[in-house]
Amino acid sequence: MSVLREKLENSNDVVFTAEFPSVDGGGMASVERNAARLAPWFDAVNATDNPAAHAHTSNTTTAIAMKMYGLEPIMQIVCRDKNRLAIQSDMMGASLHGITNLSLLTGDDVTAGDEPEARRVFDIDSAQAINIARIMGEGKYLSGRAINPAPDFYLGAVENAAAPPFDYRIQRALKKYRAGARFLQLQICYHPDRLEAFCKGVAEIAPDLKLIPTLVLVKGAKGLGFMNDKVPGIDVPASTLARVQRASDPSVEVNKLTLELARHALTLPGVRGLHITDFRHDDTLDSFMNDLGRTPKR
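What counts, and where the lines are drawn
- Residues numbered from 1 in each chain as written.
- Predicted model: local features only at pLDDT ≥ 70, side-chain atom pairs only at ≥ 80, totals over all residues.
- Heavy atoms only, no water.
- Buried < 20%, exposed > 50% of the residue type's maximum accessible area, 1.4 Å probe, protein only.
- Helix = DSSP H or I, 4+ residues; strand = E, 2+ residues; numbered from the N terminus.
- Pairing = 2+ DSSP bridges.
- Axes fitted to C-alpha atoms, helices over the stretch in contact; angles between N-to-C directions.
- Contact = heavy atoms within 4.5 Å.
- Disulfide = S-S within 2.5 Å.
- Arc of directions from axis to C-beta.
- Polar contact = N/O pair within 3.5 Å; in protein donor to acceptor, adjacent residues only side chain to side chain.
- Right-handed = clockwise from strand over helix to strand, strands pointing away.

## What about the pairing of strand E8 (residues 273–278)?
(1) Moving on: E8 sits mainly inside the fold: six of its six residues count as buried.
(2) Moving on: Every second residue of E8 is oriented toward a common face, with Gly 273, His 275 and Thr 277 on one face and Leu 274, Ile 276 and Asp 278 on the other, all of them buried.
(3) Moving on: In the sheet, strand E1 (residues 15–19) pairs with E8 via four bridges, with the strands oriented parallel. Bridge pairing links Phe 16 to Leu 274 in E8.

Rendered as C-alpha cells:
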C-alpha cells in the first residue's frame, strides 16, 4: 500500500504533497537534485503530464525516475493529449513499475500552452478516466479484456473551488468521487470563503472524499499577478495583491499570506492535507514547512 493511501485512509495524519518540477533537460542529475529537496517534507509528489499544455518529459518516465530517488509519485494523466487506449497504457505502465497513485485530469486547452496549433484529443474527460481506472482495478480493460493480476490503483483527481459556477464545482467533485476518486488536490484558492464553502459542500455529500488544497510559494506581488493574469482558473483579489505590494518586504508578506491560507485550509471539513507548489526554489520551502509544524524525514 502506498504511503499516501495508508495515511489518508488509515490515519489522522496531515498529508503533504507537492509538485515535481517539469523535466526539460539536465538528465537524472536534475531529478536527483529536486528529489533531495522534496523528499524530507512530502509523503507523495506529483509527476505532471504536460502541465499548462506545454510539452515536457513524459509523466510515466518522470514518475519512474522520481521513484528511483526515493519519492512516492502521484502520476498525473491528462485527457487532452491522449485517447482512452493511451490512457490505459499509461496506467498499466505505471503499475508495471509499482506506481499506484494516479491523478486523472481533463487538462487545460492547448491554447494555454506554447503550441496552440496542436490537435486536442479529449476522447474522454477526467471523470470517465477515473471510471476506467476503477474498472482496471477490478481486473479488466475497458474492452472487457482481463488483467491478471489487477493493478492496485489509488485514485485521485483535481478540482477548483474558486472558479464559478461554485455549486457546480461541488457536483463535479461528487461525480469524480462516484467514478472512483478517493482524494482531490484542489487548485490554489486566494478566496478563503470560497474554499470554505466548497469544502463544507463536499463534506455534506461525499464525507469520505479527502481534500488537499494547494498553496503556492512565490516571491512577491509579481508572482501573484502572473497567476491572476496568466493561469486559467486562478483569481487573486485586488486587495490581496495590494497587501503584498504595500508591504515593506513583499517577500516576507507573501509568505505570511500563504501561511495564513494554509492554516485556514487545515481547519476546514474534509481537508486532510496540503499540496505545495514551489515557484521560489530557495530555502523558503524549509521555513514554510517548519512553520506548519512539519518535521523533516531523515
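Right, picking up where we left off after that structure.
## As for the sheet that holds E8
(1) Moving on: A barrel is described by the order of its strands in space; here eight strands give the closed sequence E1-E2-E3-E4-E5-E6-E7-E8, paired in parallel fashion. The average angle at which neighbouring strand axes cross in this sheet is 30 degrees, direction not considered.
(2) Moving on: Of the pairings in the sheet, the one linking strand E3 (residues 73–78) to strand E4 (residues 101–105) comprises five bridges and is parallel in character. Looking across to E4, one finds that Val 78 is bridged to Leu 105.
(3) Moving on: Lying on the sheet, helix H11 (residues 284–291) is in contact with E1, strand E7 (210–217) and E8; it crosses E8 at an angle near 165 degrees.

## Details of the state of the cysteines
(1) Moving on: Summed over the entire model, instances satisfying the criterion amount to zero disulfides.
(2) Moving on: Here Cys 199 is not cross-linked by a disulfide; its sulfur's nearest cysteine counterpart is in Cys 189, at 8.7 Å.

## Section: helix H8 (residues 221–230)
(1) Moving on: Within H8 the residues assigned to the buried category are Ala 221, Leu 224, Gly 225 and Met 227. Within H8, the buried residues cover an arc of 160 degrees as seen down the axis, which keeps them to one side. Exposed and oriented more than 90 degrees from the buried face of H8 are Lys 222, Asp 229 and Lys 230.
(2) Moving on: Tucked into the core, H8 has its buried residues touching E7, helix H9 (238–246) and helix H10 (250–265).

## A closer look at the environment of Asp 109
(1) Moving on: Mapped onto the elements, Asp 109 comes out in the loop between E4 and helix H5 (126–137).
(2) Moving on: Discounting residues that sit within four places of it in the chain, Asp 109 has contacts with Ala 53, Arg 80, Arg 120 and Phe 122.
(3) Moving on: In this structure the side chain of Asp 109 is engaged in a polar contact, spanning 2.9 Å, whose partner is the side chain of Thr 111.
(4) Moving on: Side-chain polar atoms of Asp 109 contact the side chain of Arg 120, separated by 2.5 Å.

## Examining the pairing of strand E6 (residues 183–186)
(1) Moving on: Covered by surrounding structure in E6 are Phe 183 and Gln 185 together with Leu 184 and Leu 186, the residues of both alternating faces.
(2) Moving on: Note that the unit made of strand E5 (residues 154–159), helix H6 (residues 166–179) and E6 has a crossover that is right-handed.
(3) Moving on: Pairing of E6 with E7, which is carried by four bridges, proceeds in the parallel orientation. Following the sheet pairing, Leu 184 is matched in E7 by Leu 211.
(4) Moving on: Read from E6 through helix H7 (residues 192–205) to E7, the crossover connection turns out right-handed.

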